[in-house]
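What follows is each chain in one-letter form.
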Amino acid sequence: CRSSCDLFDLTMFNQNVITGPSGEIDRLLSGDTQSPRHGGESVAEVLRAHGVKFVFTLVGGHISPILVACEKLGIRIVDTRHEATAVFAADAVARLSGTVGVAAVTAGPGLTNTVTAVKNAQMAESPLLLIGGAAATLLQGRGALQDIDQMSLFKPLCKFCASVRTVREIVPTVRKALAIAQSGTPGPVFIEFPIDTLYPYHVVEKESAPKNTPKGLFGKIMAWYLQNHLSNLFAGAWETCDLSPLPVYIPHATEDEVQRCVELVSRAKKPVILLGSQATLPPTPVCETLTFLKALESLGIPCFLGGMSRGMLGKNSPLHIRQNRRDALKEADLVLLAGTVCDFRLSYGRVLNRRSKIIAVNRDRSQLLKNSDMFWKPTVAIQGDAGSFLLRLSKALKGHRCPEEWPRSLKEGEAIKEKANRAKADEKTERHLNPISVLHRVDELLAEDSIIVADGGDFVGSAAYIMRPRGPIRWLDPGAFGTLGVGGGFALGAKLCRPESEVWIVYGDGSLGYSVAEFDTFTRHKTPVIALVGNDACWSQISREQVPMLGSNVACGLAFTDYHIVADGYGGKGYLIGREDESRLDDIIKKAQKECREGKAILLNVLIGKTNFRDGSISV
């Protein structure tokens, strides 16, 4: 931000920058003032050089040059009905493609609307570039439209933040940001583009030039300063420069660390692997999915899958254990935390047996050792990539296999629990449909290429126990932040990345309210998905605790709203499904799948009753 009292200091600064030795600036400016090019083209060229296929946005004048330039270069522009959806969609693209997802939004409220989605990407460790518009360089801090201190908002949320000050900075800044997003622990990065760095010289000159001929000494100095500022803004703007991706740094375990783990695993009788979302990060799962699966199978160690790793072992792997994790961890003599964090999801490490040998692998050192000062201690802690570590461990243990009776016993216990859960599906609810039965029937009819997006509380929590992703990276949930509202954006990104796949959003009726408007986006951009809405007219995840503990259902009640009609209004197709439809539920699901394949976005508004399936689960 600059004030008028800085004028003469800035004038001298810009005079030194612009005049330079031996007419260097004259050379840099040669032809720049007449060029029709603009900074948006530079942004688009770098994105194309990095393999970016989609830019998600909610349009605004501050960023129009970027969107227009991207479209001309063949990058698909996908506009949404809320800025948070644009970021969630970019997040999904990052997870599914192994590249950086990109969202571009306008200044001020456009950016503030993305804060939750960016924080979610940070905690989910998704490489994402957020492009934001901003007031012109000379107008920042002077009350310009939608001008706020955007950098302060995003510095705590992003690995890298930059505000471009000249057009020549665009290419190196975007290249650097994209590399940082993917390096180490992946995460979001943010670049702010003042509007005068994006439009052509003649447009910026017209807007910044004095409206009347300057009079007096101060007026002439002001006019001279503005011209110098404009010249510096565009100096060297169109010089040829390297657009190619910078190297990406990925931490790896050392040979000594791998060897030490080989010794521990080879002696273990009851080892367990806990695969977390980091196990899905490139380069390993994206580039070598089959190799990765064979590595796990060769070890023969039973695996519990969490977050994005759900589906890594397919639908019916004998090594994938879905139930009784707490009991297994208490019995295990070795636990391998492959990208799994000892936060609330593992009771801060308290579920781990203190007598167990624990190998922890994580790219982020703070996550690697979280709560190790209190409830658990790693035998070996490795700051490195979990996927490549497992490949190397498997290779070093060639010929060794976990004793078969151990995974067999866990599978037997799982079968008992699954049978009990299935029995819950046969119980009649007081009214409407049994949600457990609905989820089982949907799971049985899922296409083999389906992608499941999880967005909700109670209904989605039940779905996580019942629905089985068919393969790697076919389950998308918000991650550790537990954000509601990811559904529309995640599904949009998933359908664009995998147009041949059947994309399902499992919604609670509460979470649906955040992104139901994206049915308009699904229709306009021809990205048909199926939304399964568990409608119990309640924020049940909260009510289930609040009522017995505090004796009131205040703020938890909703209505059995006609969400299917909303979908119709946005150009999709909605179905209302109640108890009277129970006998033909399978037929309705199959019809929905057929219509989705034909290009319609579908919403199944399923009226559900209450069960005690997840009693005891907590929401805080």
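Residues numbered from 1 in each chain as written. Predicted model: local features only at pLDDT ≥ 70, side-chain atom pairs only at ≥ 80, totals over all residues. Heavy atoms only, no water.

Structural notes on the overall build of the protein
Along its length, the protein carries 26 helices and 17 strands. For a compact globule of 620 residues, the expected C-alpha radius of gyration is about 25 Å, and the protein comes in at 27 Å, within 12% of that figure. The burial tally for the protein puts 56% of its 620 residues in the buried class. Of the contacts formed within the protein by residues at least 6 apart in sequence, a portion of 77% connects residues at least 24 apart. Surface summary for the protein: the accessible area is close to 26,200 Å², and the carbon and sulfur share equals 54%. Looking at charge distribution, the protein has the averaged site of its 72 positive side-chain charges lying 3 Å from that of its 66 negative ones. (Helix = DSSP H or I, 4+ residues; strand = E, 2+ residues; numbered from the N terminus. Rg over C-alpha atoms; globule rule 2.2 N^0.38 Å. Buried < 20%, exposed > 50% of the residue type's maximum accessible area, 1.4 Å probe, protein only. Contact = heavy atoms within 4.5 Å. Areas by Shrake-Rupley, 256 points an atom, 1.4 Å probe, with all protein chains shown as cover. Lys, Arg positive; Asp, Glu negative; His and termini not counted. Charge placed at Lys NZ, Arg CZ, Asp CG, Glu CD.)

Thoughts on a positive patch on the surface
Taken together, the side chains of Arg325, Arg326, Lys330, Arg350, Arg354 and Lys377 make up a positively charged region of the molecular surface. Tracing the sequence through the fold places lysine 377 in the loop between α16 (365-368) and β11 (380-383). In this structure lysine 377 comes out as exposed when scored by relative accessible area, which is 56%. (Patch = residues over 30% accessible without salt bridge, like charges linked within 9 Å, V, L, I, M, F, W, Y side chains within 5 Å. Salt bridge = Lys/Arg side-chain N within 4 Å of Asp/Glu carboxyl O.)

Side note on the nonpolar core
Counting residues in hydrophobic clusters, the biggest one holds 54 residues, and the most contacted among them are Ile273, Leu337 and Phe389. The contact partners of phenylalanine 389, leaving out residues within four places of it in the chain, are Ala253, Val258, Cys261, Leu336, Ile359, Val361 and Ile382. Core analysis: the next-biggest nonpolar cluster, separate from the first, contains 51 residues, Val87, Ala90, Met308 and Ile505 among them. (Core = buried A, V, L, I, M, F, W, Y, C linked by side-chain atoms within 4.5 Å.)

Description of the UniProt feature "domain: Thiamine pyrophosphate enzyme TPP-binding" (unreviewed entry) in the protein
With numbering matched to this structure, UniProt assigns "domain: Thiamine pyrophosphate enzyme TPP-binding" (unreviewed entry) to residues 455-597. Structurally, residues 455-597 is divided into 45% helix and 14% strand, and its ends, taken at the C-alpha atoms, are 22 Å apart. (UniProt positions renumbered as here; feature names shortened; annotations may be inferred.)

Considering helix α24 (residues 540-550)
Those residues of α24 not exposed but buried are Ser540, Gln541, Ser543, Arg544, Glu545 and Gln546. Those residues of α24 hidden inside the fold are in contact with α20 (458-466). With its phi angle positive at about 75 degrees, glycine 551 sits one or two positions after the end of α24.

Topic: the side chain of serine 394
Along the chain, the position of serine 394 falls in helix α17 (residues 386-396). Judged by its relative accessible area of 10%, serine 394 is buried. Here serine 298 takes part through its side chain, which lies 2.7 Å from a polar atom of the side chain of serine 394. Every residue in contact with serine 394, bar those within four places of it in the chain, is listed here: Ala295, Ser298 and Leu299. (Polar contact = N/O pair within 3.5 Å; in protein donor to acceptor, adjacent residues only side chain to side chain.)

Looking at the sheet that holds strand β12 (residues 451-455)
Spatial ordering of the open sheet is given by β13-β12-β14-β15-β17-β16, a layout of six strands whose pairing is parallel. The sheet terminates laterally at β13 (475-476) and β16 (573-577), the two strands that pair on one side only. Of the pairings in the sheet, the one linking strand β15 (residues 530-535) to strand β17 (residues 602-607) comprises six bridges and is parallel in character. Counterpart to valine 533 in the pairing with β17 is asparagine 605. Seen against the sheet, α20 touches β12, β13, β14 (503-508) and β15 and runs at an angle of roughly 130 degrees to β14. (Pairing = 2+ DSSP bridges. Axes fitted to C-alpha atoms, helices over the stretch in contact; angles between N-to-C directions.)

Quick look at the UniProt feature "domain: Thiamine pyrophosphate enzyme N-terminal TPP-binding" (unreviewed entry) in the protein
Mapped onto this structure's residue numbering, the UniProt feature "domain: Thiamine pyrophosphate enzyme N-terminal TPP-binding" (unreviewed entry) falls at residues 38-153. The span residues 38-153 is 46% helical and 18% strand by assignment, and the distance between its end C-alpha atoms comes to 27 Å.

What about the packing of helix α5 (residues 83-97) against helix α21 (residues 487-497)?
Between α5 and α21, whose axes approach to 7 Å, the crossing angle comes to 45 degrees. By the angle class used here, α5 and α21 are oblique. Seen along the crossing, α5 lies across α21 with a hand that is right-handed. Facing Thr85, Phe88, Ala89, Asp91, Ala92, Val93, Arg95, Leu96 and Ser97 of α5, the residues of α21 in contact are Gly488, Gly489, Phe490, Leu492, Gly493, Ala494 and Cys497. Its residues assigned to classes, the contact of α5 with α21 shows nine nonpolar, five polar and two charged. (Parallel < 35°, antiparallel > 145°, perpendicular 65-115°, else oblique. Left-handed = near helix turned anticlockwise from the far one by under 90°. Nonpolar A, V, L, I, M, F, W, Y, C, P; charged D, E, K, R; others polar.)

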